[in-house]
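Okay, here's what each chain looks like letter by letter:
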Amino acid sequence: MSAIESVLVENRVFPPGEALTKAARISGMSAYEALCAEADKNPDEFWGRQARENLLWSKPFTRVLDESNKPFYKWFDDGQLNASANCLDRHIGTPVENKTAIIFEADDGAVTKVTYKELLARVSRFANGLKAHGIQKGDRVLIYMPMTIEGVVAMQACARIGATHSVVFGGFSAKALQERIIDVGAVAVVTANYQMRGGKELPLKAVVDEALSMPGCESVKSVFVYERTPTACTLAVGRDKTFTELLQGQSDECAPVAVDAEHPLFVLYTSGSTGKPKGVQHATGGYLLWAKMTMDWTFDLKDSDIFWCTADIGWITGHTYVAYGPLAAGATQIVFEGVPTYPDAGRFWQMIERHKCTIFYTAPTAIRSLIKASETNEKVHPKNWDLTSLRILGSVGEPINPEAWIWYHKHVGGERCPVVDTFWQTETGGHVITPLPGATPLVPGSCTLPLPGIAAAIVDEAANDVPNGSGGILVIKKPWPSMIRTIWGDPERFKKSYFPEELKGYYLAGDGAVRDAERGYFRITGRIDDVLNVSGHRMGTMEIESALVAKTDLVAEAAVVGRPDDTTGEAICAFVVLKRSLPQGDEAREIAKQLRDWVAKEIGPIAKPKDIRFGENLPKTRSGKIMRRLLRSLAKGEAITQDTSTLENPQILTQLDQTY
Ligand code: 6R9
């Protein structure tokens, strides 16, 4: 059996190393507990102190938390600041100004470095370019960019002029882009002609063109195109400008616009339990505060660190731990354009050695796929590289199984580096439950304890605390600065999704969790709603179902569930009823391919179902509800233990057994 197949619970405890603890910002459990106690005793004083110490304010705030319109909490709301000034200008005149801000490694291995001073100049020029096109405070700018310095520059430039950005991951389709452009009301799109991934040149601008040709995108007046590769792309006269044209003649000085602390810094779309993605809106002050603080706390950031978060800027992890946190904290960070398996599965290890990375932050999916690759090919095993620069490892996006944790700790971290398993969400803005490298004894598979100030708890359906050892619903009982402010344009959905009445005003994370009896450590057991986690990417089952049934010439009905997968964590399994007779063999395979391509077009390749199963009907209860639990068992290949006596047509279970 391969090392990653079994998911046994690991009981070993890994205490933090002495040297690391001694030099840590939060040194030892007593220091952690003291901060927790401070935050608990007087939250206003605690957060107020942190906000004053960690951020530069153009206008100091006098109020910390305004709870007058719960759950629409406001933080530091009479204060003003600028996020970009807090990431760049604040370092000018300090030794950090000539420090490398970004070490960029392109897909082909070419390296570009930029200092804080240079980055400020580039962001300012870009901001001036945006201003010259009439873009101003409060406007929304959609960013559809590859992982590049330019992507970070575009985000920072928006923040600099008070425009709200909405970054869409480069793997999303034209249709998904169109929906987001309409929902957020974007006035401009920032994109690239192509992106380079795994040696391939993939179009981005062509996808933007397709999106903009669809109805409803009339709000977009300008498109700015980064010439990532020499290959030409079409440019619409009057609407589209290359970066060269945009930046020509622009000054590299641009005064940052001070905005209210509650001003929306960005809207980032994520999947929920209904078909339509949610535009998670974050506020400038609270979000940035936590981005900076968690860099310091969770990663115990030192001036000499070389930080690398492998997440794309299209996800929240790439927002908080690439575009904002590392810069606010004055870190040197690696930004990587490519994929972990190109030119081979040793790429991450090679890059850690090459750039002397000290803090490495990635997703369990990546680790699991690299374990697999190294099992079949010794040459890509991490032992072939010098990884002694590493001092802290991080994991994010999905539960990390103890086997993957142990491998990561042993073969990447040389049994010397703590693995911080950081639990958080698009909505939480930054880490909420995570070990601290110089304090928390680690238990593989557990995200351990909440950060100071985060009132995480596990409750039952009536909001009562459950005892340690029993599972329940993960909630956060008190507001915190970097929490989601609302769903863009849909405050009702915000209230319903995150603050349901029965939970007495607690924030509902949407995950199940259990605390262990011994330490009270949290272990996340997975989503309790219809959200799947595929390779650390959140996908709504309804979203995929809607995409499938939108293929009206072929599909009558569809139900999507998740099943466990060794590499991707969960895999998407679609049960489909066609408008034609039940297909078999090659024909079924051909239709399954058509459906996958369709979903890739409707949402993006990441949403393609791994398994497709056809039936003449779906198993339903008497009242016509799809028996999803039964589908989940089928998808897993489990014996059916549910009562199937009410099924109208039991033979569909045999039909649905066949995977294409
Ligand atoms: C940061 C990010 C959030 C969902 C979350 C949970 C899962 C994230 C995790 C984890 C177990 C961890 N998740 N980190 N589960 N352990 N360390 O991933 O945000 O894309 O919004 O996903 O991911 O299910 O609810 P997002």
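Computed from a predicted model, the values in this text were never measured in an experiment.

Q: Mind laying out the pattern of salt bridges, listing which residues take part and the relevant values?
A: Under the counting rule described, the total for this entry stands at 43 salt bridges. A salt bridge links Glu105 to Arg354; the nearest nitrogen and oxygen atoms lie 3.1 Å apart. Of this pair, Glu105 sits in strand S4 (residues 100-105) while Arg354 is found in helix H12 (residues 347-355), placing the two residues 249 residues apart along the sequence. You can call Arg354 partly exposed: its relative accessible area is 42%. Two residues, Arg228 and Glu337, come together in a salt bridge whose shortest N-O distance is 2.6 Å. Placement of the pair is Arg228 in the loop between strand S11 (222-226) and strand S12 (240-242) and Glu337 in the loop between strand S17 (332-336) and H12, with a sequence separation of 109 residues. Given the relative accessible area of 2%, Glu337 is considered buried. Salt bridges sharing common partners tie together Lys205, Asp209, Arg239 and Asp240.

Q: Residues and numbers for the packing of aromatic side chains, please.
A: This model, assessed by the stated rule, comprises 37 aromatic pairs. Measuring from ring centre to ring centre gives 6.2 Å for Trp349 and Trp407, while their planes differ by 55°; the resulting arrangement is tilted. Of this pair, Trp349 sits in helix H12 while Trp407 sits in helix H14 (residues 402-412), and the two are 58 residues apart along the sequence. Overall, the relative accessible area of 10% leaves Trp407 in the buried class. Through a chain of ring-to-ring contacts, three or more aromatic side chains come together here, namely Phe46, Trp47, Trp57, Phe61, Trp75, Phe76, Trp290 and Trp297. We note Arg519 situated over the ring of Tyr521; from NZ or CZ to the ring centre the distance is 5.8 Å.

Q: Lay out the sheet that holds strand S5 (residues 111-115) in plain terms, naming residues and giving numbers.
A: Two strands in a sheet stick together by hydrogen bonds in their backbones, pointing the same way (parallel) or opposite ways (antiparallel). Spatially, S5-S4-S17-S16-S18-S19-S20 is the arrangement adopted by the 7 strands of the open sheet, whose pairing is mixed. Since the sheet does not close on itself, it has two edges, and those belong to S5 and strand S20 (419-422), each with one partner. Across the sheet, the axes of successive neighbouring strands diverge by a mean angle of 20°, strand direction being ignored. Relative to S5, S4 runs antiparallel, the two being bridged by 5 bridges. Residue pairing across strands places Thr100 opposite Thr115, the latter belonging to S5. Here helix H5 (residues 116-132) sits on the sheet in contact with S4 and S5, set at roughly 90° to S5.

Q: If you had to explain the packing of helix H3 (residues 43-54) against helix H10 (residues 284-298) to someone new, which residues and values would you point to?
A: Relative to each other, H3 and H10 sit at 85°, their axes nearing to 10 Å. By the angle class used here, H3 and H10 are roughly perpendicular. Side by side, H3 and H10 meet where Phe46, Trp47, Gln50, Ala51 and Asn54 of the first sit next to Leu289, Trp290, Lys292, Met293, Asp296 and Trp297 of the second. Within the contact of H3 with H10, the residues separate by chemical class into 7 nonpolar, 2 polar and 2 charged.

Q: An account of the site of the ligand is needed here, citing residue identities and associated values.
A: In the region of the ligand, 17 residues are neighbours, and Asp421, Thr426, Asp511, Arg527 and Arg538 sit closest. In the environment of the ligand, an oxygen atom lies 3.3 Å from a nitrogen or oxygen atom belonging to the side chain of Asn533. Separating an oxygen atom of the ligand from a side-chain N or O atom of Arg538 is a distance of 2.8 Å. Against a free-state accessible area of 530 Å², the protein chains account for coverage of 96% of the ligand. Those elements that provide at least two residues to the shell around the ligand are helix H11 (316-328), S20 and strand S25 (522-527). In terms of residue class, the shell around the ligand is built from 6 nonpolar, 6 polar and 5 charged.

Q: Can you break down the packing of helix H7 (residues 174-184) against helix H8 (residues 205-212) residue by residue, with the values?
A: Two elements in contact, H7 and H8, have axes separated by 8 Å at closest approach and are oriented at 60°. Viewed along their axes, H7 and H8 adopt a mutual orientation that is oblique. Classified by chirality, the crossing of H8 by H7 is right-handed. Contact residues: H7 offers Ala174, Leu177, Gln178 and Ile181, while H8 offers Val207, Val208, Glu210, Ala211 and Leu212. For the contact of H7 with H8, the class distribution of residues is 7 nonpolar, 1 polar and 1 charged.

Q: Requested: an account of the environment of Gly397, with residues and values cited.
A: Inspection of the secondary structure assignment puts Gly397 in the loop between strand S19 (392-396) and H14. Taking the relative accessible area as the measure of exposure, Gly397 reaches 34% and is therefore partly exposed. When the C-alpha positions of Gly397 and Thr422 are compared, they lie 8.0 Å apart, and in sequence the two are 25 residues distant. Apart from residues lying up to four places away in sequence, Gly397 is in contact with Asn533 and Gly536.

Q: Hey, could you go over the pairing of strand S21 (residues 456-459) for me, with residue numbers and the actual values?
A: Alternating positions in S21 separate into two faces, Ala456 and Ile458 on one and Ala457 and Val459 on the other, with burial throughout. Here S21 pairs with strand S22 (residues 471-476) via 4 bridges, running antiparallel. Each bridged residue has a counterpart across the sheet, and for Val459 the counterpart in S22 is Ile473.

Q: So, the UniProt feature "binding site: CoA" (unreviewed entry) in the chain: which residues are in play, and what are the values?
A: Residues annotated by UniProt as "binding site: CoA" (unreviewed entry) correspond here to Arg197, Gly198, Gly199, Lys200, Thr317 and Ser535. What stands out for the annotated residues spanning 339 residues is how far apart their C-alpha atoms range, the widest pair being 24.5 Å apart. Among the secondary structure elements, Gly198 is positioned in the loop between strand S9 (194-197) and strand S10 (200-203). Topologically, Gly199 is positioned in the loop between S9 and S10. Other than its neighbours up to four places away in sequence, Gly199 contacts Asp107 and Tyr342.

Q: Please give an account of H3 that cites residues and values.
A: Taking 1.5 Å per residue as the helical rise, H3 with its 12 residues ought to reach 16 Å, and the 16 Å between its terminal C-alpha atoms agrees with that figure. On its buried face, H3 is in contact with helix H2 (28-41), strand S2 (74-75) and H10.

Q: Which residues make up unusual backbone geometry, and what values go with them?
A: For the peptide bond that leads from Lys70 to Pro71, omega is -5°, which places it in the cis range. Locating Pro71 in the fold gives a position in the loop between strand S1 (65-66) and S2. Here Tyr342 and Pro343 are connected by a cis peptide whose omega angle stands at -5°. The phi dihedral of Phe76 falls on the positive side, at around 55°, and the residue is not glycine. For Phe76, the position within the fold is in the loop between S2 and strand S3 (80-81). Residue class for Phe76 comes out buried when judged on its relative accessible area of 0%. Despite not being glycine, Lys356 shows a phi value in the positive range, around 55°. Along the polypeptide, Lys356 turns up in the loop between H12 and strand S18 (359-362).

Basis of the calculations
Residues numbered from 1 in each chain as written. Predicted model: local features only at pLDDT ≥ 70, side-chain atom pairs only at ≥ 80, totals over all residues. Heavy atoms only, no water. Salt bridge = Lys/Arg side-chain N within 4 Å of Asp/Glu carboxyl O. Helix = DSSP H or I, 4+ residues; strand = E, 2+ residues; numbered from the N terminus. Buried < 20%, exposed > 50% of the residue type's maximum accessible area, 1.4 Å probe, protein only. Phe/Tyr/Trp six-rings, centres within 6.5 Å; stacked < 30°, edge-to-face > 60°. Lys NZ or Arg CZ within 6 Å of the ring centre and 35° of its normal. Pairing = 2+ DSSP bridges. Axes fitted to C-alpha atoms, helices over the stretch in contact; angles between N-to-C directions. Contact = heavy atoms within 4.5 Å. Parallel < 35°, antiparallel > 145°, perpendicular 65-115°, else oblique. Nonpolar A, V, L, I, M, F, W, Y, C, P; charged D, E, K, R; others polar. Near = heavy atom within 4 Å. Polar contact = N/O pair within 3.5 Å; in protein donor to acceptor, adjacent residues only side chain to side chain. Areas by Shrake-Rupley, 256 points an atom, 1.4 Å probe, with all protein chains shown as cover. Left-handed = near helix turned anticlockwise from the far one by under 90°. UniProt positions renumbered as here; feature names shortened; annotations may be inferred. Expected span 1.5 Å × (residues − 1).

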